[in-house]
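Residues per chain, in single letters:
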Amino acid sequence: MSESSISALKSKRRLPFRIHIEPRLSAPPAWYPAAVSLGAIVAALFLGGVLIAYAGGDPIRSYLHIAKASFGNIGVISDTIVKATPILLTSLACSVAFRMKLWNIGAEGQFIMGAFGASAVVLTPMLAPETSRWLFIPAMMLAGMAAGAVWGWIPGVLKARFNVNEIISTLMLNYIAVAWVNFWIFAVWTEGGFQMSPKFSQNTWLPRLLDYAKAIPVFRGLTTHLGLLIGILAAVILWLVIYRSRWGYEIRLIGDNPRAAQYAGINITRNTILVMMLSGALAGLGGMSEVSGVVHRLQTSPIAAGYGFTGIIVAWLAKLHPIVIIVVSILFGALILAGREIQPSGVPKMIQGIILVCLIASDFLMRYRVQIIRTDAEG
Amino acid sequence: MNTLERKTTNSSGTEKATLFVEMRGIVKSFPGVLANDQVDFELRGGEIHALLGENGAGKSTLMNILAGLYRQDSGIIKVKGNPVYFSSPRDAIRAGIGMVHQHFMLVPSQTVTENVLLGLDDPRFLLRLPDFDSKVADLGERFGLKVDPRAKIWQLSVGEQQRVEIIKMLYRGTDVLIMDEPTAVLAPQEIEGLFMTLRAMIAGGKSVIFISHKLQEVTAIADRVTVLRRGKVMAAGLTTAGVTRQELACQMVGREVIFQLDKKPGKPGEIVLDVNDLHAENDKGLPALRGVSLNVRSGEIVGLAGVAGNGQRELSQVISGLRKCTQGHVLLNGDLVSNCNTLFGIQHGMAYVPEDRTHVGTAPNLSVTDNVIMKKYRQAPISKHGLLDMTSATKFANELKQAYDIIVPNVATPVRLLSGGNLQRVILAREISGQPAFMVAVQPTRGLDVGAIEGVHRLLLTQREAGAAVLLISEELEELLSLSDRVYVIYEGKIMGEIKVEVEEPDQSLIETVGLMMTGTPLDQIPKEGAAAHV
Amino acid sequence: MDFIVILHAGVASGTVLLFATLGEIFAERSGVLNLGVEGMMLIGAMSAYSVTIATGNLWLGVLTAILLAGLLSQVHAFITITLQADQVVSGLALTFLGVGISLVLGEGLSKAGTVSLMPSFSIPLLSQIPLLGPIFFKEQSVLVYVGYMLTPLAWFFINRTRPGMHLRAVGEYPAAADALGINVYRLRYLYVFMGGMLAGLGGATISLAISPGWFSEMTTGGQGWIAVGLVIFAQWNPLRAAVGSYAFGALRRLILDIQGPTMLLGLRNPFYYNPYWGFFLQMIPYAFTIIVLIIGSREAMRKRLGAPAALGTPYIRGERGL
């Protein structure tokens, strides 16, 4: 029997091409991952556009609006950065947990608890109201990180001791955190019966660019605050820890092969708890930065705004690399900022979902090579 | 062993010239390797036909194609003269061809009967297992395969599980049974039982294809043999009666096979590893080690023989610190290492080459560098004050790459892209470079080609000469007997006995003795015969 | 606080969790972890409500919910089964996607009008059984009765039929099933689809029977996640899933009712006098889910049973080759 009749037996339809898939034997070229991720985003934007159109919106106008509303002038760039700052910190939080294959979906709750912790310093009050800002801010940072760390410690222990699925436990803690903060806002710290705490005094605010507008006129009206620097510093420190420290090596090893790590004498239980605490602390720091740098009071809706969930996507998109996370956070800051005014209002969330789906699907191309072969060339 | 040497005759003396299965011009390639290169293969009705070759010769691939699991790139298959094309195992089974895999395809949590019935159209919808239990039991009786149909697979021994696999195929009325390395998991005495089953099947009108890399078995059980090497047929359908082991080995390997290794006389010193009355449980909570005691001295290789699943894995895990023991202890140079963190053992000169390269031994997505520093990363020069010095780490990795001949574009390559042989070299490099006082190696040559195997053997012998104590746990009796100075045999978690290996080439009575121990007879109950010396 | 009323409401709202949990049990038994349940439930709730308002036909709404949620599940199936991507991340992405799409397409739905509910009725003889009758068989929505029937059917299917045996094999040891000609990929697609459909049915139950209306994300309020936790508690057994779901439903009703009376167990009811303590009550279902998880995980560890062995790992046929 000849070869062509084998093909005849195999393919019952006659297409002009054949898709040949085989696993990769060697690592793809260095530019490949970035190109694939970029391609995934383009595909996602396209799909998102289709859905927007179906829901009655105008996709091109929506996207152009996003671009202009986030990068059009220095004022909006500053606003973009302000929106990006909390995302930066939650992404860092997610990235360090994900490295150890700990799926911390609770960055949202840890962020909220961080905001709570920082606010507690001001509202209880823990420091005298006239205390210098340079004492208040570090105290709030510590409180925020501590609160976030506790909120990360809980699921960490549950996972390490009882093997409780951390996805569900961290998620449940998100809801619990919201209820907790709501209680304090409504019942204890309420301002005249409104759903927010009293406004914080100026000496608890993170310094903003516009504070220096007298000296540098360009800074007038720019609300970018110190949180950005804190975030960038955190990213750099995290990079050092993950790639250049012993602990980082252990984290990477556990994430890649826990049994090999166990053999190397690394304590997985202890690291599970520590990493979850670190992750929680980073997210908590984000909460503090948002409360002290932007909102200046404890109020649920601007705090529980989904930064924790966006952090998941950014971390994944940046392939968990702390420095890349800085860049990607800004992009997503733009998306969220401009997305505020887009109708329908669920669009940013939907686009985030589509991007993540396309990203995950594109991972396939990293492990397999797809070739399209024309069958007439095969004879 | 007598039974292995006995030649078998066909059940009836008649000439069976009808070709049952014909494979012509089979070509199959995978990324990076041409597994089958224009292979022809014929099976006559009523014969046992062996497919002989080393690891990686292409035997399993060829048979996977015949069994419908893979599809050939080109070439034809004919069953009883009719051309066939199998798009799935179901087609092959329908054509009468079934395969018993080396790694059993059984669902552990389900019963024997459920596994036998899996994938069949009958019963249609409702499962009435008791009806089928008796059918399965009867079928087993007929071919000498006794098994309890209601037992769950995880409760069965390896030999019993193999019987289930055979029953699965017989139940489906297959005429041709392909057995893929069936004796890999059996003790010598169980092998005889298998051979009886195969002969019963021939008598019952079936034909058997027997894949193996073991010469003795092939010459013992098969009527004809086809030899594959590197994807090509070296000799087709030779009658085993008319050919010697040496000739077959030549065809298999392609050069004069030297059955002897360059092993210098041993100079064992002090006891380095002392295992005393060790008790431990396996993952299911059942006892795996029931009072194991053994020792290894410096400068010697001690082998541990035994059929897979008798506690070897658990023993290596307790020694290396990956598993806790419930009773007894392990001493390394006098220090207690059992029930301590693995780190303790590492710091005291323990090296461990695990059975499972990919799942335990290495971190697949991390680089070669990251993998080789796994034991040293806590010390200078690799790390100082908690920070890693990547320059010295990379230097270290490059040194090892040279010394151990690891073939890789650069040491930053993720380890999952390495071949099996290279992966093993990475692991050995990591373990040996620490100048260990003691090394436990579990199945170190499994799945490697002949060149790599020789390399590993050489490394083990070098370690021995350098004064290390080596515990070699292996299922390959030949490997054990040629490398070891002493051999323990483990059965169901207990040591059956200890044998000194003094002769260069393992002789028959030694193998017999070991074989008896592997199936449960303690050494002191074996009548002494001939040259078998024991401690 | 009438306990009959609480249990009656518990069975009703527990049906939502029951459908989602049963669906997830099917998916996970085949070896695929589907964390997108929340998104699929929300799409179900939204589409059921919206189609019913548009067409006036309740059953059409339910059907749409089932199909749309099932369709969404196939995205997850494609990514995890064919493209072999990580099941956890894919499930999360599907949650974002499902929630996002629901919000986009459900824009304005809360003002679109009201809808009549799915019919409720009692079963004549059974509703007179003391204690059990008024709880289970009196004035319950038709969907609740569907739940009663689905549970034993699901159990029977999985444990006593041939296709159920294949399902279990695919989730425990897909290689064995594959070697015997069972199409592992096709079955996994099928059961993920079933999981999606049931999640959609759960969502429809919310918006057309239990808490009618559209409240954006709060329509489901995390019940999809609770369902995933319940699967572990149920040890992948439909009967236990029913017990857990109804218990949870009762808990939610209890939390509401406990804030009503001025006296509680003979003491001043703190929840009545300090309404803000209600926030702590809100935490209870979520805290309870964590407790349920702890129980379930410890049981799995103890009995060395637990999840289908192949859960979470993509099936790759042979060592090489697709």
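Given the structure is predicted, the values throughout are model-derived calculations rather than measurements.

Draft legend 1. Expanded view of the overall build of chain B. Within chain B, the regular secondary structure consists of 18 helices and 22 strands. Relative to the compact-globule value of 24 Å for 535 residues, chain B shows a C-alpha radius of gyration of 25 Å, a close match. Its C-alpha atoms give chain B principal-axis dimensions of roughly 70 × 55 × 55 Å. The buried share among the 535 residues of chain B stands at 48%.

Draft legend 2. Seen up close, the overall build of chain A. From N to C terminus, chain A includes 16 helices and two strands. Referenced to the eigenvectors of the C-alpha coordinate spread, the extents of chain A come out at roughly 95 × 55 × 40 Å. Counting across all 379 residues of chain A, residues that qualify as buried make up 51%. Contacts in chain A between residues at least 24 apart in sequence constitute 78% of all its contacts with a sequence separation of at least 6.

Draft legend 3. Representation of the environment of T90 of chain A in the model. Residue and element names in this part refer to chain A. Locating T90 in the fold gives a position in helix α4 (residues 74–99). Exposure remark for T90: the 35 C-beta atoms within 10 Å place this residue in the buried category. A C-alpha to C-alpha distance of 40 Å links T90 and H20, two positions 70 residues apart in sequence. Those residues in contact with T90 that sit more than four places away from it in its chain are A107, F111, A283, G286, Y307, G308 and G311.

Draft legend 4. Quick peek at the confidence of the model for chain A. In the predicted model, chain A carries a mean pLDDT of 86, and the fraction of residues at 70 or more is 93%. Across residues 1–12 of chain A the pLDDT falls below 50, and counting only partners more than four positions away or on other chains, this stretch makes six contacts in the model.

Draft legend 5. Spatial organisation of helix α2 (residues 37–55) of chain C. Taking 1.5 Å per residue as the helical rise, α2 of chain C with its 19 residues ought to reach 27 Å, and the 26 Å between its terminal C-alpha atoms agrees with that figure. The buried count for α2 of chain C comes to 16 of 19 residues, which makes it a mostly enclosed element.

Draft legend 6. Inspection of the interface of chain B and chain A at higher detail. Contact with chain B, which involves 31 residues of that partner, is made by 23 residues of chain A. Broken down by secondary-structure element, the contributors of at least two residues to the side of chain B that touches chain A are β4 (74–79), α11 (342–347), α12 (357–361) and β18 (387–388) of chain B. Class assignment for the residues of the side of chain B that touches chain A results in 18 nonpolar, eleven polar and two charged.

Draft legend 7. Expanded view of the packing of α2 of chain C against helix α10 (residues 223–233) of chain C. Residue and element names in this part refer to chain C. Relative to each other, α2 and α10 sit at 130°, their axes nearing to 7 Å. When the axes of α2 and α10 are compared, the pair comes out oblique. Both α2 and α10 take part in a crossing whose hand is right-handed. Taking contact as the criterion, the partners of V37, E38 and M41 in α2 are, on α10, Q223, G224, W225, A227 and V228. Taken together, the residues of the contact of α2 with α10 break down into five nonpolar, two polar and one charged.

Draft legend 8. Here's a closer look at the interface of chain A and chain C. Each partner contributes residues to the interface: chain A has 40 residues there, and chain C has 41 residues. Those elements that place two or more of their residues in the side of chain A that touches chain C are β1 (17–23), α6 (133–162), α7 (166–188), α13 (307–317) and α15 (347–362) of chain A. Of the residues forming the side of chain A that touches chain C, the biggest block, twelve residues, is contributed by α7 of chain A. Counted by class, the side of chain A that touches chain C contains 30 nonpolar, eight polar and two charged residues.

Draft legend 9. Quick look at the sheet that holds strand β21 (residues 486–491) of chain B. Residue and element names in this part refer to chain B. With respect to topology, six strands assemble into an open sheet ordered β16-β19-β20-β13-β21-β22, the strand pairing being mixed. Looking along the sheet, the strands with just one partner apiece sit at the ends: β16 (350–353) and β22 (494–500). Ignoring strand direction, the axes of neighbouring strands in this sheet form an average angle of 15°. Here β21 pairs with β22 via six bridges, running antiparallel.

Draft legend 10. Seen up close, the confidence of the model for chain B. Residue and element names in this part refer to chain B. In the predicted model, chain B carries a mean pLDDT of 83, and 91% of its residues have values of at least 70. Within chain B, strand β20 (residues 469–473) carries the highest mean pLDDT (94), whereas helix α1 (residues 2–5) carries the lowest (36). Contacts of residues 530–535 to residues separated by more than four positions or lying in other chains number 15 contacts, the stretch itself having pLDDT below 50. In the predicted complex, the global pTM is 0.82; the interface-specific ipTM is 0.85.

Draft legend 11. Up close: the sheet that holds β4 of chain B. All names here are of chain B. Strands sit in the order β2-β1-β4-β5 across an open sheet of four strands; the sheet is antiparallel. Taken across any chain shown, the strands that pair with only one partner, and hence form the sheet edges, are β2 (33–44) and β5 (82–84). Between one strand axis and the next, the sheet turns through 25° on average, direction left out of account. The pairing of strand β1 (residues 19–30) with β2 spans eight bridges and is classified as antiparallel. Across the sheet, residue M23 finds its bridge partner in β2, namely F41. Contacting β1, β2 and β4, helix α2 (residues 59–66) runs over the sheet at an angle of about 120° to β1.

Draft legend 12. Molecular detail of the nonpolar core. Core analysis: the largest hydrophobic core is formed by 381 residues, its most contacted members being L66, I178, L472 and V489 of chain B together with A176 of chain C. Among the elements that line this core, the one with the most residues is helix α9 (residues 184–210) of chain C, at 16 residues. Once residues lying within four places of it in the same chain are set aside, the contact partners of A176 of chain C are M105, L106, V107 and L118 of chain B together with A169 of chain C.

Draft legend 13. Expanded view of the pairing of strand β6 (residues 97–100) of chain B. Residue and element names in this part refer to chain B. Residues I97 and M99 point to one face of β6 and G98 and V100 to the other, with burial holding for every one of them. Where β6 meets strand β7 (residues 176–180), four bridges bridge the pair, whose relative direction is parallel. Considered in β7, the bridge of M99 is made with I178.

Draft legend 14. Structural context of the domain arrangement of chain B. Under the domain assignment, chain B is made up of domain 1 (18–253), domain 2 (261–349 + 435–535) and domain 3 (359–434). One C-alpha centre belongs to domain 1 of chain B, the other to domain 3 of chain B; they are set 40 Å apart.

Draft legend 15. View of the packing of α2 of chain C against helix α3 (residues 58–82) of chain C. Residue and element names in this part refer to chain C. Contact pair α2 / α3: the axes reach a minimum separation of 7 Å and the direction vectors enclose 150°. Like other packed secondary-structure pairs, α2 and α3 cross with a definite hand, here right-handed. Where α2 abuts α3, its residues G39, M40, I43, G44, S47, A48, Y49, V51, T52 and T55 lie against L58, L60, G61, V62, T64, A65, L68, A69, L72 and S73. Residues belonging to the contact of α2 with α3 are distributed by class as follows: twelve nonpolar, eight polar and no charged.

Draft legend 16. Broad picture of unusual backbone geometry. In this model, T124 of chain A is joined to P125 of chain A through a cis peptide bond whose omega is -15°. Here P125 of chain A is to be found in the loop between α5 (107–123) and α6. Positive phi is not limited to glycine here, since K80 of chain B has a value of about 55°. Mapping K80 of chain B onto the fold places it in the loop between β4 and β5. Accessibility expressed as a C-beta count within 10 Å gives 14 for K80 of chain B, which makes it partly exposed.

Draft legend 17. Here's a closer look at the environment of M234 of chain B. All names here are of chain B. Examined against the element boundaries, M234 turns out to sit in strand β10 (residues 232–239). Since 19 C-beta atoms lie within 10 Å of it, M234 is described here as partly exposed. For M234 and C250, which are 16 residues apart along the polypeptide, the C-alpha to C-alpha distance reads 9.8 Å. Other than its neighbours up to four places away in sequence, M234 contacts V227, L228, R229 and Q251.

Draft legend 18. Spotlight on the environment of I266 of chain A. The residue I266 of chain A is located in the loop between α10 (258–263) and α11 (268–295) in this model. You can call I266 of chain A buried: it has 23 C-beta atoms within 10 Å.

Draft legend 19. Local environment of the pairing of strand β19 (residues 438–442) of chain B. All names here are of chain B. Burial within β19 is extensive, with five of its five residues counted as buried. Taking every second residue as pointing to the same face, both faces of β19 are buried, with F438, V440 and V442 on one and M439 and A441 on the other. Sheet analysis places β16 next to β19, joined by four bridges and oriented parallel. Counterpart to A351 in the pairing with β19 is M439. Examined bridge by bridge, β19 and β20 share five bridges and lie parallel to one another. The residue of β20 that forms the bridge with V440 is L471.

Quick notes on the rules
Residues numbered from 1 in each chain as written. Chains lettered and ligands numbered in written order. Predicted model: local features only at pLDDT ≥ 70, side-chain atom pairs only at ≥ 80, totals over all residues. Helix = DSSP H or I, 4+ residues; strand = E, 2+ residues; numbered from the N terminus. Rg over C-alpha atoms; globule rule 2.2 N^0.38 Å. Buried ≥ 20, exposed ≤ 12 C-beta atoms within 10 Å, placed from the backbone. Contact = placed C-beta atoms within 7 Å. pLDDT = per-residue confidence, 0-100. Expected span 1.5 Å × (residues − 1). Nonpolar A, V, L, I, M, F, W, Y, C, P; charged D, E, K, R; others polar. Axes fitted to C-alpha atoms, helices over the stretch in contact; angles between N-to-C directions. Parallel < 35°, antiparallel > 145°, perpendicular 65-115°, else oblique. Left-handed = near helix turned anticlockwise from the far one by under 90°. Pairing = 2+ DSSP bridges. Core = buried A, V, L, I, M, F, W, Y, C linked by C-beta atoms within 7 Å. Domains from an automatic or database assignment.

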